[in-house]
Amino acid sequence: MTQPATSQPVLYSGMQPSADSLHLGNYVGALTNWVKLQNEYDAIFCVVNQHAITSGIDPEQLRTRTLSTAAQYIAAGIDPEKSILYVQSDVPEHAQLAWILGCMTGFGEASRMTQFKDKSQRYGSDKTTVGLFTYPVLMAADILLYQTQQVPVGVDQKQHIELTRNLAERFNSRFGETFTIPEGFIPKANAKVYDLQDPTAKMSKSAPSEAGLLSILDDAKVTTKKVMRAVTDADGEIRYDPEAKPGVSNLLTIFAVLSGRELDDVANEYAGRGYGDLKKGLAEVVDATFTPIRTRTAELLDDRGELTRLLRSGADRARERAAPTLDLVHERIGFPTRADL
Ligand code: TYM
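Residues numbered from 1 in each chain as written. Predicted model: local features only at pLDDT ≥ 70, side-chain atom pairs only at ≥ 80, totals over all residues. Heavy atoms only, no water.

Across its full length, the protein holds 13 helices and five strands. Taking 341 residues into account, the globule formula puts the C-alpha radius of gyration at 20 Å, and the protein, at 21 Å, falls close to it. C-alpha extents for the protein along the principal axes are approximately 70 × 45 × 40 Å. By residue count, 51% of the 341 residues in the protein fall in the buried class. In the protein, 76% of the contacts between residues at least 6 apart in sequence involve partners at least 24 apart. Here the protein displays about 15,700 Å² of accessible surface, and carbon together with sulfur accounts for 51% of that area. In the protein, the 37 positive side-chain charges and the 44 negative ones have mean positions that sit 3 Å from each other. (Helix = DSSP H or I, 4+ residues; strand = E, 2+ residues; numbered from the N terminus. Rg over C-alpha atoms; globule rule 2.2 N^0.38 Å. Buried < 20%, exposed > 50% of the residue type's maximum accessible area, 1.4 Å probe, protein only. Contact = heavy atoms within 4.5 Å. Areas by Shrake-Rupley, 256 points an atom, 1.4 Å probe, with all protein chains shown as cover. Lys, Arg positive; Asp, Glu negative; His and termini not counted. Charge placed at Lys NZ, Arg CZ, Asp CG, Glu CD.)

Right under this line is the structure:
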């Protein structure tokens, strides 16, 4: 197997640049963990623009969103000098490995991916692309190229990580040890943030209404309004009980993660008080978290030359790591390697 560049275990993750701003679900479910873990791991973070085109292509928008997503990673605390930060399409090895893995993935196996089933039902078969169908195979390639041990993601990605593990095991047992078998690093408490208007649905950029979605780059006035209008329930009691009180429990979870406090501590502070108090407190915490990220993102985007330079250098470092894995894969399956060319 190819060796990582440092003795720290390899951590890999990515987000799609498919909206003008990352949202609270991305931040709480994934990005906060990336920032926490980057010092203990040999961390690699990707802006997965090839995944983003599985649901439509708008070139200008994609260019802007790709840079903005990278800027938001850095503004939230990713250090591009310590960690590797790059754009997926700058490293052609991803698409090359995805093709090979796709030839080892069963049609039925890919058809069982729930995210594909949900999205294809929503778009209808004419608008469902082959790229959307093979999305999880490309994700497996992303992860396996870097001999990744840990993949910090929200719980919605669990099935994709399972597929990645299965493909790695299948390849290794057929062609010899080649890939590290990765594990999902999925936080227990905050792996899923729910929509503020429909607290039984995942917070998502593709929700039918924007009212339940908190975007990092939204103005503080907008986020405060959305928090104050969040759906709760009629019983008026503040306690953590996701079954009976999904709305209030979601607000408590978000509060705890953003303030770095224990859930019980926050629930105790607000026990016996009104929902309005909890929402006001949460709106302040959201503002205190997002405002510095928003300001820093704007500064980074003001110097696009420097941001582009950082991403180019990240892509060079990523390619140095990805190329030996792809070479080994080529050798194992009988393709010419770079040494043969
Ligand atoms: P994306 O862009 O859809 O989501 C990015 C990350 O945000 C998490 N997330 C949530 N977490 C908690 N609550 C929510 N409501 C919520 N919504 C989104 C997702 O779990 C994810 O961690 N397929 C990946 C992108 C990807 C990737 C990879 C990730 C492509 N290649 C390789 C890891 C490793 C995705 O879901 O992106």
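Additional details are given in the paragraphs that follow.
Here helix H13 (residues 304–333) is 30 residues long and its end C-alpha atoms lie 41 Å apart, about the 44 Å a rise of 1.5 Å per residue gives. At Ala322, H13 is deflected by roughly 25°, the largest bend along its length, and proline Pro324 occurs up to four residues later in sequence. Phi turns positive, to about 95°, at Gly334, one or two residues after H13. (Expected span 1.5 Å × (residues − 1). Bend = angle between axes of the 7 residues up to and from the residue.)

With respect to the helices and strands, the residue Gln115 is situated in helix H6 (residues 114–123). Given a relative accessible area of 18%, Gln115 falls into the buried group. Filtering out sequence-adjacent residues up to four positions away, Gln115 remains in contact with Asp156, Gln157, Gln159, His160 and Lys202.

As a rule of thumb, soluble globular proteins bury nonpolar side chains together. Within the largest apolar cluster, 56 residues are counted, with the highest numbers of intra-cluster contacts made by Leu24, Tyr27, Leu31 and Tyr73. Among the elements that line this core, the one with the most residues is helix H12 (residues 275–302), at 10 residues. No fewer than three residues from each of domain 1 (10–190 + 304–340) and domain 2 (210–297) sit in this core. Those residues in contact with Tyr27 that sit more than four places away from it in its chain are Thr32, Ala76, Ile216, Leu258, Thr289, Phe290 and Ile293. Core analysis: the second largest hydrophobic core is formed by 41 residues, Tyr86, Ala98, Ala110 and Ile143 among them. (Core = buried A, V, L, I, M, F, W, Y, C linked by side-chain atoms within 4.5 Å. Domains from an automatic or database assignment.)

To continue, consider the site of the ligand. Surveying the vicinity of the ligand reveals 27 residues, the closest of which are Tyr135, Asp142, Asp156, Gln157 and Val193. In this structure, Asn26 approaches the ligand through a side-chain N or O atom, which is 3.1 Å from an oxygen atom. At 2.9 Å, a backbone N or O of Met203 approaches a nitrogen atom of the ligand. In the complex, 97% of the free accessible area of the ligand, which totals 710 Å², lies under the protein chains. (Near = heavy atom within 4 Å. Polar contact = N/O pair within 3.5 Å; in protein donor to acceptor, adjacent residues only side chain to side chain.)

In this section: the domain arrangement of the protein. Examined at the domain level, the protein breaks down into domain 1 (10–190 + 304–340) and domain 2 (210–297). Taking only C-alpha atoms, the centre of domain 1 and the centre of domain 2 are 30 Å apart. On the side of domain 2, 14 residues touch domain 1, which itself brings 14 residues to the contact. Summed over both sides, the interface of domain 1 with domain 2 buries roughly 1,200 Å², with 79% coming from carbon and sulfur. The largest contributions to the domain 1 side of the interface with domain 2 come from Leu24, Tyr27 and Ala75, which together make up 43% of the buried area. (Buried area = accessible area lost by both parts, 1.4 Å probe.)

Geometrically, a pair of aromatic rings is defined through the distance of the ring centres and the angle of the planes. Under the counting rule described, the total for this entry stands at 10 aromatic pairs. On the basis of an interplanar angle of 45° and a centroid distance of 5.0 Å, the ring pair of Phe107 and Phe133 is categorised as tilted. Here the residue Phe107 occupies a position in helix H5 (residues 107–111), and Phe133 occupies one in helix H7 (residues 130–144), the gap between them amounting to 26 residues. By relative accessible area, Phe107 is classed as exposed at 64%. Assessed through its relative accessible area of 15%, Phe133 is described here as buried. (Phe/Tyr/Trp six-rings, centres within 6.5 Å; stacked < 30°, edge-to-face > 60°.)

A word on empty space enclosed by the protein. Over the atoms a probe the size of a water molecule is rolled, and this reveals where empty space is left. Summed over all chains, the structure comprises one cavity of 30 Å³ or more. Within this model, the largest cavity holds a volume of roughly 60 Å³. Residue lining of the largest cavity: Gln115, Phe116, Lys119, Leu132, Tyr135, Pro136 and His160, and that is the complete set. Elements with a minimum of two residues in the lining of the largest cavity: H6 and H7. Residue composition of the lining of the largest cavity, by class: four nonpolar, two polar and one charged. (1 Å grid on protein atoms, 1.4 Å probe; cavity = no way out; pocket = protein on both sides within 12 Å on 5 of 7 lines; lining within 4 Å. Points joined across faces, edges and corners; volume = space filled by probe spheres on them. Nonpolar A, V, L, I, M, F, W, Y, C, P; charged D, E, K, R; others polar.)

What follows concerns the pattern of salt bridges. Applying the stated criterion across every chain yields a total of 19 salt bridges. In this structure, Asp42 engages Arg321 in a salt bridge whose closest nitrogen and oxygen atoms are separated by 2.7 Å. Taken together, the residues Asp42 in strand S2 (residues 42–47) and Arg321 in helix H13 connect sequence positions 279 residues apart. One exposure class covers both Asp42 and Arg321, and it is buried. One salt bridge in this structure joins Lys202 and Asp156, with 2.7 Å as the shortest N-O distance. (Salt bridge = Lys/Arg side-chain N within 4 Å of Asp/Glu carboxyl O.)

Where helix H10 (residues 246–259) meets H12, the closest approach of the two axes is 10 Å, and the angle between their N-to-C directions is 35°. When you trace H10 past H12, the crossing you get is left-handed. Along the contact surface, H10 presents Val248, Leu251, Leu252, Ile254, Phe255, Leu258 and Ser259, while H12 presents Tyr275, Leu278, Lys279, Gly281, Leu282, Val285, Val286 and Thr289. Looking at the contact of H10 with H12 residue by residue, the classes come out as 11 nonpolar, three polar and one charged. (Axes fitted to C-alpha atoms, helices over the stretch in contact; angles between N-to-C directions. Left-handed = near helix turned anticlockwise from the far one by under 90°.)

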